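Report on the structure
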Amino acid sequence: MLLSLAVLLWRLRRHFSIMFSTDRLTVPEYVSRLQTRRSAAAEPKAVSPGISADVQAVLDSSLPALRSAIKTLKSAKDTSDLDETRRAIAEIFQLVEEAWVLPTVGRQVAEEICNRIRLDGGLELLLQLLETPAVEITYESAKLLEQILVSDNRDYVARMGLGVILNLTREQEDAQLARSVSGILEHMFKHTEETSVQLISNGALDALLFWCRGTDPTVLRHCAVALANCAMHGGHRCQRLMIEKQAAEWLFPLAFSKEDELIRFHACLAVAVLAANREIEKEVVKSGTLELVEPFIASLDPDDFARSLLDSADCMQGRTAADLQHLLPLLDGTRLEGKCIAAFYLCVETSIKSRQRNTKIFQEIGAVQSLKRIVMYSSNGTACTLSKRALGMMGEEVPRRILPSVPNWKNCEVRTWLQQIGFSAYCDRFKELQVDGDLLLNITDQDLSTDLGMTAGLTRKRFLRDLRVLKTYANYSTCDPNNMADWLAEVDLRFRQYTYGLVQSGVDRNNVQNLTEQQLHFDCHIENGIHRAKILAANRRPIKACLTDAQPPGPDVFISYRRTTGSQLASLLKVHLQVRGFSAFIDVEKLEAGKFEDKLIQSVQRARNFILILSANALDKCMGDTGMKDWVHKEIVTALGGKKNIVPVTDNFMWPDPMSLPEDMRSILNFNGIKWSHEYQEATIEKILRFLKGNPCRDQPDCPEGSKEEKQKQKQK
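Residues numbered from 1 in each chain as written. Predicted model: local features only at pLDDT ≥ 70, side-chain atom pairs only at ≥ 80, totals over all residues. Heavy atoms only, no water.

1. What to know about the overall build of the protein
Inclusion rule: Each helix corresponds to a stretch of at least 4 residues labelled H or I by DSSP, and each strand to a stretch of at least 2 residues labelled E; elements are numbered beginning at the N terminus. Summary of the burial criterion: residues with accessible area below 20% of their type's maximum are buried, those above 50% are exposed, and those between are partly exposed, where the area comes from a 1.4 Å probe applied to protein chains only. Any two residues having at least one pair of non-hydrogen atoms within 4.5 Å are treated as being in contact. Using the Shrake-Rupley algorithm and a 1.4 Å probe, accessible areas are obtained, with residue cover drawn only from the displayed protein chains.
Helix and strand counts for the protein stand at 39 helices and 5 strands. For the protein, buried positions account for 54% of its 717 residues. Long-range contacts, defined as pairs at least 24 residues apart, comprise 71% of the intrachain contacts of the protein with a sequence gap of at least 6. When the accessible surface of the protein is summed, it comes to about 33,400 Å², and 49% of that surface belongs to carbon and sulfur atoms.

2. A few points about the layout of surface pockets
Using the following cut-off: The definitions used throughout rest on a 1 Å grid laid over the protein atoms alone, on which a cavity is an enclosed set of points accommodating a 1.4 Å probe that cannot get out and a pocket is an open set flanked by protein within 12 Å on both sides along at least five of seven lines; lining residues are those having an atom within 4 Å of a point. Grid points are joined across faces, edges and corners, and a volume is the space filled by probe spheres set on the points. Gly is placed with the polar residues, together with every amino acid not listed as nonpolar (Ala, Val, Leu, Ile, Met, Phe, Trp, Tyr, Cys and Pro) or charged (Asp, Glu, Lys and Arg).
By volume, the largest pocket amounts to about 1,300 Å³. Around the largest pocket sit 35 residues that line it, and W487, A489, E490, V491 and D492 are the ones nearest its centre. Of all elements in the fold, only α17 (281-287), α22 (336-355), α30 (457-473), α31 (484-491) and α34 (529-540) reach the threshold of two or more residues within the lining of the largest pocket. It is α31 that contributes the most residues to the lining of the largest pocket, 4 residues altogether. Split by residue class, the lining of the largest pocket holds 14 nonpolar, 7 polar and 14 charged.

3. Quick word on the sheet that holds strand β4 (residues 645-650)
Note the cut-off: Here, a strand pair is defined by DSSP locating no fewer than two bridges between the strands. Interaxial angle, 0 to 180 degrees, is taken between N-to-C directions of lines fitted to C-alpha atoms, where a helix line uses only the stretch in contact.
If you walk across this open sheet you meet the 5 strands as β2-β1-β3-β4-β5, and the pairing is parallel. The sheet is open, and its two borders are formed by β2 (584-585) and β5 (674-675), each paired with just one other strand. With 2 bridges connecting them, strand β1 (residues 557-560) and β2 associate as parallel partners. When the sheet's bridge partners are listed, V557 is paired in β2 with A584. Contacts between helix α37 (residues 631-641) and the sheet are confined to β1, β3 (609-614) and β4, with β3 contributing the most and set at about 145° to the helix.

4. Some remarks on empty space enclosed by the protein
Under the criterion given, the structure shown has 3 cavities of 30 Å³ or more. For the lining of the largest cavity, the secondary-structure elements that each account for two or more residues are α16 (261-275), α19 (302-310) and α22. Here the lining of the largest cavity takes 3 residues from α22, the largest share from any one element. By volume, the second largest cavity is sized at about 50 Å³. Lining the second largest cavity are M376, Y377, R401, I402, L403, P404, V406, L470, Y473 and A474. Looking at the lining of the second largest cavity, the elements that each hand over two or more residues are α24 (367-377) and α30. Residues belonging to the lining of the second largest cavity are distributed by class as follows: 9 nonpolar, no polar and 1 charged.

5. Looking at the nonpolar core
Rules: Nonpolar cores were defined as sets of buried Ala, Val, Leu, Ile, Met, Phe, Trp, Tyr and Cys residues, with membership established by side-chain atoms within 4.5 Å.
With 161 residues, the main nonpolar core has L145, L227, L269, I297, L577 and I611 as its most contacted residues. Discounting chain neighbours no more than four positions away, the residues touching I611 are V557, F558, I559, S560, L573, L577, V647, V649, I688 and L692. In terms of nonpolar packing, the next biggest core, distinct from the first, is built from 29 residues, L418, L440, I443 and L464 among them.

6. Details of the packing of aromatic side chains
The cut-off we apply is this: Stacked, tilted and edge-to-face are the three classes applied to pairs of Phe, Tyr and Trp rings, where Trp contributes its six-membered ring and a pair requires centres within 6.5 Å; stacked means planes under 30 degrees apart, edge-to-face means over 60, and tilted covers the rest. As a reminder, the over-ring test applies to NZ of lysine and CZ of arginine, requiring each to be within 6 Å of the ring centre and within 35 degrees of the ring normal.
Under the definition given, this model contains 16 aromatic pairs. Plain terms: the ring middles of F265 and F305 are 5.1 Å apart, the flat faces sit at 55° to each other, and that makes the pair tilted. Of this pair, F265 sits in helix α16 while F305 sits in helix α19, and the two are 40 residues apart along the sequence. In this structure, F265 and F305 share a single accessibility class: buried. Between F558 and F610, the aromatic rings sit 5.8 Å apart at their centres with planes inclined by 0°, giving stacked as the arrangement. Placement of F558 in strand β1 and of F610 in strand β3 is noted, with a sequence separation of 52 residues between them. Following the ring pairs from residue to residue traces out a cluster consisting of W417, F423, Y426, F430 and F463. Note that K574 overlies the ring of F252, its terminal NZ or CZ placed 4.2 Å from the centroid. Sitting above the plane of the W631 ring, K634 keeps its charged end 4.2 Å from the centroid.

Here's what the structure looks like:
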């Protein structure tokens, strides 16, 4: 009885929210009347063996109406009755949407309904309707298809309808269709590596990157999630293709967006996953997008973020175990950004799963041990805090932070570490033999077997694996005056585990270049021959030039913008320039960690060009700023003083009265500018490039003298 009441309340809520929403299909009146007749329908057949009684109760009231709607859809398609087709699609859409938002059992109910649509022929009908010349039918069919792409339905579309989807991606300029097609791609990039490769090879990734230039939040959200899914599920080949198509650069505007945290989060997730691939890591770092990840994650609250997901039908049930398993390489990887975003994601999912009483899923996928390892070894506050929070919400024991100065450990600290990694049974033996930090760092497989009683080979391998992690994150400053640890980490972070062996053997920065492979093997105890070869190869590289006395080369372009109104255009412009070979500087949150003013001014001084984004009200804070406290004011004055090539780019900007601005920046109004066109971005960028190359008037129609005329007209008004 209580369950029936809960279902009824949810349906009423969704009915009224859909009724007043402009973002939903129009649902005919008879659909609402149909809901009241469901209880009188014939007894449906069982859908799946083993489903719970609660799920079956909801299905019993929904499946008759679903079968009726699919039957109506078939009939309407055969008779080419467009109005009846739209009504049938709308009814199916409402049934699916109602299922997704049910508490606790929503995912199971929705998956059963989505699968029933396929089994009853509804999915085949939708794929056929997507090819109809009736545009409205195409729009509504695409919107419904986006909602029902559960695992088995993705299989069907990949086998029978991938060409249909790819044809839709070629309609890039159709804004309404883009809202659904981008959502369909979001799901299909989760299918298999082979499907992802097919999608990319036939233009789907190009379509997503094109839509990344837009401003529609729904499309941008789908693009961000689709790119994250492609990076996580597509494998190394797809990740390489993403880099070749400059996806890491186009993720920057999404990760920089101030409009939607979901967009930013999934863009950050995508770039963190790409950076975890060592083959393409340097190219991802070069894009500049990775710098946005850790500051953004540090600014979020997992509970607030989880609540925002619960308001979305697509996300309120959380992720499956298979999805969450893709986070483990980030947790166990070497990059800080990956650890932070994966730990945050698990915090959010734990909040959702705890409402479903299903936190055991994290132990099953192996996430608990990875989180504990971060708590024990990581020195990053964000990653540690999030990992502790996730473990606490999972009901798991939160380990203590391991003191990093391992060489100085006493026996009691060694035993504490043993307890935390699950080797408590050997504490007495370690105590009896008085194993301290020095002995621990020198322990071998033979020592474990002969002296410490680890007779099982797999147990010893597990212990040595944890010991390698400890060696990698240990602090050797008390015994490593030449900082060999950082030198090894530059070669490969994993090689930090060899620091103690090298230091004990007397190796330092002065004699490291004279080492032989035999010395590395027998004196420094580096058993891995490949690792020895890499260390020797690093010895032969020329020493990097010192940049302490000379400034590194500056960027081609410094982009100045007002955060409140110009950040989206600034980030978009940065990517447009970057993919064309220009290095562009845009200040981000991470810059504020140091002396912000000095770094910012130095960046303006070192840049060869200065692009000023004049968005709505961009100069308002400069008016009356005689003390030069405003950052845009400071940047403009620095650029004027340094005689930079200044290129104003206007976007919904009204030119102010020159006398309202401080005298030291007033001359900025005399510069020719370019009006940004969002619809014709490529043409606008070409104009900007001519300005940067010192040839603004190559073609008379493109000469920006019109900007001066525009200023005069505005002044006359």
